[in-house]
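Examining the three-dimensional arrangement
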Amino acid sequence: MDFKIALLPGDGIGPEVVDQAVKAVDAVCKKFGHTVTYTKALVGACAIDATGKAYPAETHDICMKSDAVLFGAVGDPRFDNDPSAKERPETGLLAMRKQLELYANLRPVETWKSLISKSPLKTELVDGADLICIRELTGGMYFGEKHEADDMAYDTCKYTRPEIERIVIKAFEIARNRRKKLTVVDKANVLASSRLWRKVAQEIAPKYPDVETDYMFVDKAAMVLIQNPKYFDVMVTENTFGDILTDEASVIAGSMGLLASASVGVHTSVYEPIHGSYPQAAGKNIANPLATILSAAMMFETSFGLMAEGKAIRDAVAASIDNGIVTEDLAGNNKAYGTTEVGDWVAAHI
Ligand code: IPM
Ligand code: MN
């Protein structure tokens, strides 16, 4: 096949980790006889500096014309400490999700045997945990009506029935291809939007009799994730809950630097690590590239349906972890390798 991939490295460690994912993509394409063309585009703080916009129209155009987008991270401390800034790096990420209508964010959490000791949780709780969070990505408080003044501010959590239906259906389809268990996470005891979520999910559930469905309040889900992560197979939830629960879930695997994600919906899908721009580490060659490399594996599987290619990347990542070719976040008392060394090793292993 012949792929057109848009590269949006963004800010902080984004460019370094995307470079390593590109090495893995090139290696897989060479191995399986595919060709690939990359087009780089600006997003985040670097885009604001260059164009005044965090997600410039030109970047959107490049994404729309590509088969997939590989995304690094956005964020810059210059903006974090300036609440008055109108255009923020994160605005770029949100604009991209909205304009590409990427309503479903797939965040798998898996564990690697040789890393289980890195998890702050007890080995017997973590060993074998394998779940995926389906986070709604284009609705809720992130995009609802907002008001921001000195004396009062609010964000609105609004969901329409079609918005809930499409994400819940997506979650059932994913559950059907896994261990067939779906947990709908909400706060239906308090929030009206959650009650609509639960109602819609209860209407759809009978169409998937092969999937066991249950409903859990988000506060309890936060607890069960830590107490018994193996309880979950697939969970589906609204945007803000999903943002919070997936950072929490990343702890299960031992490092946030391992969590990949796919954002899918109407237009070109985006593949990105769930970690942020980690500005303190930028340019130091210490950032863990594995989450971005694993995001590239998800790209082959989810966008191109090429499972063997995805597996070749995953096997190489697993081998790097097993052989201790890892960055400082995972190295413990052993030798820590640089971002580029890990990337080179994984590409060579593919
Ligand atoms: C994520 C990030 C983003 C989010 C930020 C950078 C806007 O935390 O992808 O989880 O909140 O969605
Ligand atoms: Mn987040």
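Below: a short report on this structure. (Residues numbered from 1 in each chain as written. Chains lettered and ligands numbered in written order. Predicted model: local features only at pLDDT ≥ 70, side-chain atom pairs only at ≥ 80, totals over all residues. Heavy atoms only, no water.)

Our next topic: the site of ligand 1. Every residue close to ligand 1 is listed here: Glu90, Leu93, Arg97, Arg107, Arg135, Tyr142 and Asp243. Within the contact set of ligand 1, an oxygen atom lies 2.9 Å away from a side-chain nitrogen or oxygen of arginine 107. Here arginine 135 contributes a side-chain N or O atom positioned 2.8 Å from an oxygen atom of ligand 1. Here ligand 1 has 320 Å² of accessible area as a free molecule, and 78% of this is covered by the chains. No other element matches the three residues that helix H5 (residues 89-99) contributes to the shell around ligand 1. (Near = heavy atom within 4 Å. Polar contact = N/O pair within 3.5 Å; in protein donor to acceptor, adjacent residues only side chain to side chain. Areas by Shrake-Rupley, 256 points an atom, 1.4 Å probe, with all protein chains shown as cover. Helix = DSSP H or I, 4+ residues; strand = E, 2+ residues; numbered from the N terminus.)

Across its 13 residues, helix H8 (residues 192-204) extends 19 Å between first and last C-alpha, which sits within 8% of the 18 Å expected from 1.5 Å per residue. For H8, every residue scored as buried is listed here: Ser193, Ser194, Trp197, Arg198, Val200, Ala201 and Ile204. Along the axis of H8, the buried positions cluster into a sector of 165°, meaning they face one direction only. Residues of H8 that are buried make contact with strand E5 (130-136), helix H7 (161-176), strand E8 (181-186), strand E9 (212-217), strand E10 (234-237) and helix H10 (239-253). (Expected span 1.5 Å × (residues − 1). Buried < 20%, exposed > 50% of the residue type's maximum accessible area, 1.4 Å probe, protein only. Arc of directions from axis to C-beta. Contact = heavy atoms within 4.5 Å.)

In total, this model carries 20 salt bridges according to the counting rule given. When the shortest N-O distance is used, the salt bridge between arginine 179 and aspartate 233 registers 3.9 Å. Of this pair, arginine 179 sits in the loop between H7 and E8 while aspartate 233 is found in the loop between helix H9 (218-227) and E10, placing the two residues 54 residues apart along the sequence. (Salt bridge = Lys/Arg side-chain N within 4 Å of Asp/Glu carboxyl O.)

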